Structure formats: structure tokens, C-alpha cells
Amino acid sequence: MKNIAVELKGVGKDYPHFRLQDVNLKLETGTVMGFIGANGAGKSTTLRILMGLVHQDRGEVTVFGSRMPQQQALAKRDIGYVSEDLRLYGTATLGWHMSYIRSIYPGWDSAYAAHLCRHFDLNPAQKIKGLSTGQRVKASLLLAFARRPRLLVLDEPTTGLDPVARHEVLEALMEAMRDESRTILFSSHNTHDVEQISDQITFIDRGRVIESDDKETFLDRWRRFRLEVPPGVCLPVLPGTVATSGSARLAVVTTSRYDDSLAAAYTQAGVSVKSVDSMTLEEIFVANVHSKREEVAA
Amino acid sequence: MNYPMIVHLVRKDWQLNQRAVWGSLVGGILSLLCLSKGTQLSFFLGVTLLVTMLIAIGSHLVISMVINEHKEQTLAFSMTLPITYRDYSAAKIAALLLSFLLPWTTLFIGAIAVIMASPIPDGLIPLVVVMLIEILVNICLMLSVALISESNGWTIGALMVGNVGFNAILFFLANQTNMGTTMQSPVAVWTPLAFGLITLEAALIVAMLSLTVVILGRKTSLI
């Protein structure tokens, strides 16, 4: 059995206009989890709680066995954190930041830092205030990666990056993932990025975790049926149906519990199955969010 | 408390702000040179420059070390290091006091030495001591307000309150018979009022900084 790197149990946090409710997450060592949610869904709040930057009002958080926020100083020795709202000191150079972090973390890997400098096309002698947005993000990632942390927590690291910079960052992330003992928690509203690197996916919406599973299961379970419903035949509502759209004759059904028996069930009911389409993670996310919102509204 | 990390944080703040501290020290030494001339005009210029220099460097350090960390979002960078917010707060207080006390102590000793060595009456020494400690109180007030409120506006407000307080105390002391009359004396006269004020100032510094640490220890959202 694998070790648990991160565990959140019944975590909640109340703000005047936002509530994070009953977040339960478990991340095994070596897992890459993509944390997907719309803006304001609660991704950053959850990750800040995980880092001890925000203290939860309810629930328990442990990182490598250390309770957060009480034992955050111990836990943060093993965490590299990069967030879109984390900035470096503008008047200091990247080289100064590298020396500073090296003086704190004994595991700092100078050779890897130099490699990342080349890969990200960063100049250590340059002041942070002279860097572009993309370069600043890459500088923050370099400082987090070269510590060789056991856990990387990345809050929207690719937001605001141009396609080339985004590709470089994802490449560096994939490189970091080669170390199988490294756990990565990666939040984004860009499902394409998450789909590329994650092996576990968690959806969050309006302060609640709405679903969490491994990526392949998500992609296997979710399908879109294009159906032709002859006159006089009633379209059956099969288990796992999340949404039905289209016309009375040509229906599009989204299911979250796909298996081969579903197509047979439609055929048996007199409905002709025109196609069964795979869904992208983005389509799954949007369908999931809509269905959960309708459930809550009902 | 994680003392090795506090040392790292203090060193970081010192490295980022040392140029301003050295600059203020140079300005302060110029003010002492003015004071040492002994004329009324040079005395006035020296005192004005000395007070301005200390208030300027103190305010700069508070704004740069505390307010800008929030405004420029560099606080998150520090808080991702293996520290608690208590360590961070203790490091901020230590870094600011150390950075400010370097020019303050130098100019404090320098001002007294200049008064003793020049034709300026030594009777001014108690007043100078009380007023220089008052500047330290003002900077500690600014630091406490900045750390607790994280607000530029409140910090500027604290600076204004401090400056009004400084002038009010100066006016009060100059008009006190048991202190005002001893200012022209060739020797320093330490009245109970001077001792009382120094004790009150020291108590204020300790109370403000202790209260700040207690209040910050209760914060639940750090960035």
C-alpha cells in the first residue's frame, strides 16, 4: 500500500461571501492530481489551507503526517509551492533568490537549477522586475523545483502564460514527475493542461468537491450517445444519465456510467444508437458542474 | 520559534534594505557635522536633518519590509518557507528593529557626543534623549500598525499620529519649568520628569510590540 502524502478530512472555511465545504481529499505518494474548478470555485483556498497559509475553520489537514496548520514549519520543508499570486522580490536578481533558497534547503540541487535556467531561458543575473510575466512564473517554478521537494503544490501555474511558455512549464513538470516518489497537486481551470499531466482528477465547484477519481476512469466512464428516437418510442432514462439535449427525434445523452450494456439497453428500448463519443476532460468537467448545480438547485 | 529560519528572514530583509540604511547613516552623520558647528543656524539645520533622517528611514523600512510585502505579494514567497506566521512576525520585528537601531543608535550616541564636545549646553541632553526615544516609539507604533492592519492608509495614519505626538511632547517639555529651565544648564540635569518619560516610552515600546505578537498569533488568513 502506498503512503498518503496529503489528506484533507471534512475541511471547511467560511468567508463573508464564500464557503468552502466538507472537502475530503487523499493523495498517495507519487500521484499527480489535477485540481479543476472555475474561477472562485475554491481551488486556491483549498491549496492555501494545505500550505497553512489559511487556517481552516473545520476539519483536519495532514501533509506527510504533519498536522496543518500546527506543524506547518515541519511540513513545508518538503513542499514546493508556486501560485499565480506569489511574487519574488523585484529589486533582487534571480541569482539572489537562488542563493537564498539554497541557504535554507539542504536538498537544493544546483545542477538541476542550472539546467532549469537554461531550459527556461532565464538569466540569474537579471533582476526580477525586469522579467516578463512568463519568466517570473518560470523563475518561481525553478525555485520550487530545485529544492527537490517531495510535494509540489502548484496553484494555476500556467495562467497568463503564452503557449510557448506554457509548453516549457508543462515539459518541466513532466520532467519533475519522472521522480516517482514526488507528489504533485496542480490546480487549473485549463483542463487541457491538467489532462496532459495528471493521473488523478478532482473537480471543485462553489466550494464543494464534486467528484474525484483517476483520469482514465473519468475518460472511460463519461460518454456522449447520439441517438435516433423513432416516433412513438420513449427515450429511456438509464442509470448514469447526466444530461439529455437535442430534439425529440435526435437526442444527445451524456452519461457518467458508461459501459457496453448501455448501448444494448437503448437498442432494446427501440432507440437507434448513431454514435458513442468519447468526451474531453473539459466536456466532462462542464457536464459534471452543470449536473451537480442542477442537483443542488432541485 | 524556529530561530535558524528567523535568522534567514532577518538576513534577507537586511540584504534587501541595507542600502537605504547606509544612506540614512550618511545623512545622519552630515546632520551631526552641522550640529557640531555650534551656531544657532547650524544647530537648527542639524536637528532638523537628524529628525528627518530618522523618521524617513524608519518609515521607509516599515513600508518596504511590511506593507510592500503585502502589496507586492512577496509575503506568500516567505510564507511558503518552513516557518509559521509567528516566526515571520518575530523576524519582521527583529529585522526592522535591527535595521533601524543601527542608524538610530549611531546618531543617538553621535548627537550626545557632539553636544558634550561642542559649545551647545549639556542641559539639552535629557531633552535629546527623550525626543530620540520618542522617534523610536513612533517607528514601533508604525511597525505594529503595519503588521496588524497590513494597510498603507493605517500606517500613514500611525506616522501622522506619531509626528503630532512628537511635536506635542516637544512643546510640553519646552514649557515645563523643571525641564525647560534646565536646558540652558552647562550640565545635564536628569529630572524625575525626564526619567518618567523615558520609562513610559520604554514601556510603550514593549507593550506595543508584545501586543502585536499576540494579535498576529491569532491570525487565520496570512496572505
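Here is a short report on the structure shown in this document.

Some words on the overall build of chain B
Scanning chain B for helices and strands turns up 8 helices and 0 strands. Listed by position from the N terminus, the elements making up chain B come as α-α-α-α-α-α-α-α. Looking at chain B alone, contacts between residues at least 24 apart form 77% of all its contacts between residues at least 6 apart.

Concerning the packing of helix α2 (residues 40-71) of chain B against helix α5 (residues 125-149) of chain B
Residue and element names in this part refer to chain B. Two numbers describe how α2 lies on α5: the axes approach to 10 Å, and their chain directions differ by 15 degrees. Viewed along their axes, α2 and α5 adopt a mutual orientation that is roughly parallel. Judged by the sense of rotation from one axis to the other, the crossing of α2 with α5 is right-handed. Across the interface between the two elements, Val51, Leu54, Ile55, Gly58, Ser59, Val62, Val66 and Ile67 from α2 touch Ile135, Ile139, Met142, Leu143, Ala146 and Leu147 from α5. Here the residues of the contact of α2 with α5 are counted per class, giving 12 nonpolar, 2 polar and no charged.

Overview of the sheet that holds strand β11 (residues 223-228) of chain A
Residues and elements named next belong to chain A. Across the sheet, which stays open at both edges, the 4 strands sit in the order β12-β13-β11-β14 with antiparallel pairing between neighbours. In this open sheet, the two edge strands, each paired with only one partner strand, are β12 (241-246) and β14 (272-278). Between one strand axis and the next, the sheet turns through 20 degrees on average, direction left out of account. Across 6 bridges, β11 lies against strand β13 (residues 250-255) in antiparallel orientation. Residue Arg223 lies in a different strand from β13, and its bridge partner there is Thr255. Here helix α9 (residues 260-268) sits on the sheet in contact with β11, β13 and β14, set at roughly 160 degrees to β14. In the packing of helix α10 (residues 281-297) onto the sheet, contacts are made with β12 and β13, and the angle to β12 comes to roughly 100 degrees.

Some points on the pairing of strand β9 (residues 200-205) of chain A
Residue and element names in this part refer to chain A. Most of β9 sits out of view: 6 of its 6 residues are buried. In this structure, strand β3 (residues 32-37) lies alongside β9, joined through 5 bridges in parallel fashion. Across the sheet, the residue bridging to Phe35 is Thr202, located in β9. Sheet analysis places β9 next to strand β10 (residues 208-214), joined by 6 bridges and oriented antiparallel. Looking across to β10, one finds that Ile201 is bridged to Asp213. Following β9, the chain reverses through 2 residues before pairing antiparallel with β10; Arg206 in that reversal takes a positive phi of roughly 45 degrees.

Quick look at the sheet that holds strand β4 (residues 58-63) of chain A
All names here are of chain A. What the 4 strands build is an open sheet, ordered β2-β1-β4-β5; its pairing is antiparallel. Of all the strands in the sheet, the pair left with one neighbour each is β2 (18-28) and β5 (66-68). Going from strand to strand, the sheet's axes swing by 25 degrees on average, the running direction of each strand aside. Pairing analysis gives 5 bridges linking strand β1 (residues 4-15) to β4, with the strands arranged antiparallel. In the strand pairing of β4, Val6 is matched with Val63. Seen against the sheet, helix α1 (residues 43-51) touches β1, β2, β4 and β5 and runs at an angle of roughly 120 degrees to β1.

Criteria and thresholds
- Residues numbered from 1 in each chain as written.
- Chains lettered and ligands numbered in written order.
- Predicted model: local features only at pLDDT ≥ 70, side-chain atom pairs only at ≥ 80, totals over all residues.
- Helix = DSSP H or I, 4+ residues; strand = E, 2+ residues; numbered from the N terminus.
- Contact = placed C-beta atoms within 7 Å.
- Axes fitted to C-alpha atoms, helices over the stretch in contact; angles between N-to-C directions.
- Parallel < 35°, antiparallel > 145°, perpendicular 65-115°, else oblique.
- Left-handed = near helix turned anticlockwise from the far one by under 90°.
- Nonpolar A, V, L, I, M, F, W, Y, C, P; charged D, E, K, R; others polar.
- Pairing = 2+ DSSP bridges.
- Buried ≥ 20, exposed ≤ 12 C-beta atoms within 10 Å, placed from the backbone.

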